[in-house]
Amino acid sequence: MQNFRLIKLINPSLLSQHGLPTDSHGIIVNTNGDTTDAMFFNKKNVGDYIVLTIHSSDFVVEKEKLPKNIQKELCDHLNQIKQNAKMQFAPQTIKEYDQVELLVEKEKYAKFGVHKGAHGYAMDSNAVQNNIIVDFSYVNEKGDYFGDCITVNIKDLKVIKTN
């Protein structure tokens with residue numbers, strides 16, 4: 001089977017085992033006889049992906065093909081893609097409007113006036129490369145506005161109160 005074809009995963013046990021949503025589509029990156037390596041993207045965390053070895057009975061080939069320029073890009077980076085691949089998506093632990101606490105002191109947060117121990121609210125359940133937008137703004141007793149909405153790595157946060 002030709003690499004870089006679009007597929008739809010139809011095996012329900014694979015979907016649940018790897019944390020994939022029901023309507024998961026992927027891209028064939030390699031075929032080894034009766035097994036296929038396919039890449040699936042995390043809809044809740046842009047830039048996150050897994051590569052699974054699946055059988056031909058686990059998927060159906062979609063009619064659409066990837067554009068040639070995307071096929072070339074994938075081909076050029078195939079070894080790196082496979083090397084960095086995970087087997088399962090991590091569950092999304094922070095949801096929209098959850099109250100969170102910053103667990104670390106880092107310059108990239110401090111330059112916005114946000115320091116370890118600061119409390120804020122997640123503005124979206126979706127992440128981009130494990131970063132979410134958090135609103136750390138507040139108004140003090142004098143009515144002065146402080147803080148900012150910034151992107152924060154999920155591992156640097158702890159959920160204090162769920163929405």
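Above this text sits the structure in question.
Keep in mind that this is a model prediction, so the values were computed, not measured. (Residues numbered from 1 in each chain as written. Predicted model: local features only at pLDDT ≥ 70, side-chain atom pairs only at ≥ 80, totals over all residues. Heavy atoms only, no water.)

Quick look at the pattern of salt bridges
Taken as a whole, this structure holds five salt bridges when the rule is applied. Notably, a salt bridge pairs K8 with D23, separated by 3.5 Å at the nearest N-O pair. With K8 in strand 1 (residues 5-9) and D23 in the loop between helix 1 (12-17) and strand 2 (25-32), this pair connects stretches of sequence that are 15 residues apart. (Salt bridge = Lys/Arg side-chain N within 4 Å of Asp/Glu carboxyl O. Helix = DSSP H or I, 4+ residues; strand = E, 2+ residues; numbered from the N terminus.)

Looking at the layout of surface pockets
In this structure, the largest pocket occupies an estimated 220 Å³ of space. For the largest pocket, the full set of lining residues is G19, P21, F41, N42, K43, K44, F89, A90, P91, Q92, K95 and S125. (1 Å grid on protein atoms, 1.4 Å probe; cavity = no way out; pocket = protein on both sides within 12 Å on 5 of 7 lines; lining within 4 Å. Points joined across faces, edges and corners; volume = space filled by probe spheres on them.)

Observations concerning the sheet that holds strand 6 (residues 59-65)
Spatially, five strands are ordered 5-3-2-1-6 in an open sheet, and the strand pairing comes out antiparallel. Since the sheet does not close on itself, it has two edges, and those belong to strand 5 (49-55) and strand 6, each with one partner. Ignoring which end each strand starts from, the neighbouring axes of this sheet average 40° apart. Here six bridges tie strand 2 to strand 3 (residues 35-41), and the two strands are oriented antiparallel to one another. Across the sheet, N30 pairs through a bridge with D37, a residue of strand 3. (Pairing = 2+ DSSP bridges. Axes fitted to C-alpha atoms, helices over the stretch in contact; angles between N-to-C directions.)

Structural notes on the nonpolar core
Of all hydrophobic cores here, the largest spans 15 residues; its most connected members are I132, F136, V152 and L157. Listing elements by their share of this core, those giving two or more residues are strand 7 (99-102), strand 10 (131-135) and strand 13 (149-153). Among residues more than four places away in sequence, those in contact with I132 are Q92, I94, A122, D124, N126, A127, I150, T151, V152, I154 and L157. Counting residues in each nonpolar core, the second largest holds 13 residues, with L14, I54, F59 and F89 among its members. (Core = buried A, V, L, I, M, F, W, Y, C linked by side-chain atoms within 4.5 Å. Buried < 20%, exposed > 50% of the residue type's maximum accessible area, 1.4 Å probe, protein only. Contact = heavy atoms within 4.5 Å.)

Focus on the side chain of D58
Mapped onto the secondary structure, D58 falls in the loop between strand 5 and strand 6. Despite its burial, D58 remains without a salt bridge, the nearest opposite charge being carried by K8 at 14 Å. At a separation of 2.7 Å, a polar atom in the side chain of D58 contacts the side chain of N11. With sequence-adjacent residues up to four places away left out, D58 is seen in contact with K8, L9, I10, N11 and L14. (Lys, Arg positive; Asp, Glu negative; His and termini not counted. Polar contact = N/O pair within 3.5 Å; in protein donor to acceptor, adjacent residues only side chain to side chain.)

Regarding the pairing of strand 3
Residues in a regular strand point their side chains to alternate faces of the sheet. With six of seven residues buried, strand 3 lies mostly within the body of the structure. Bridge count for strand 3 against strand 5 is seven bridges, and the pairing is antiparallel. Bridge pairing links F41 to Y49 in strand 5.

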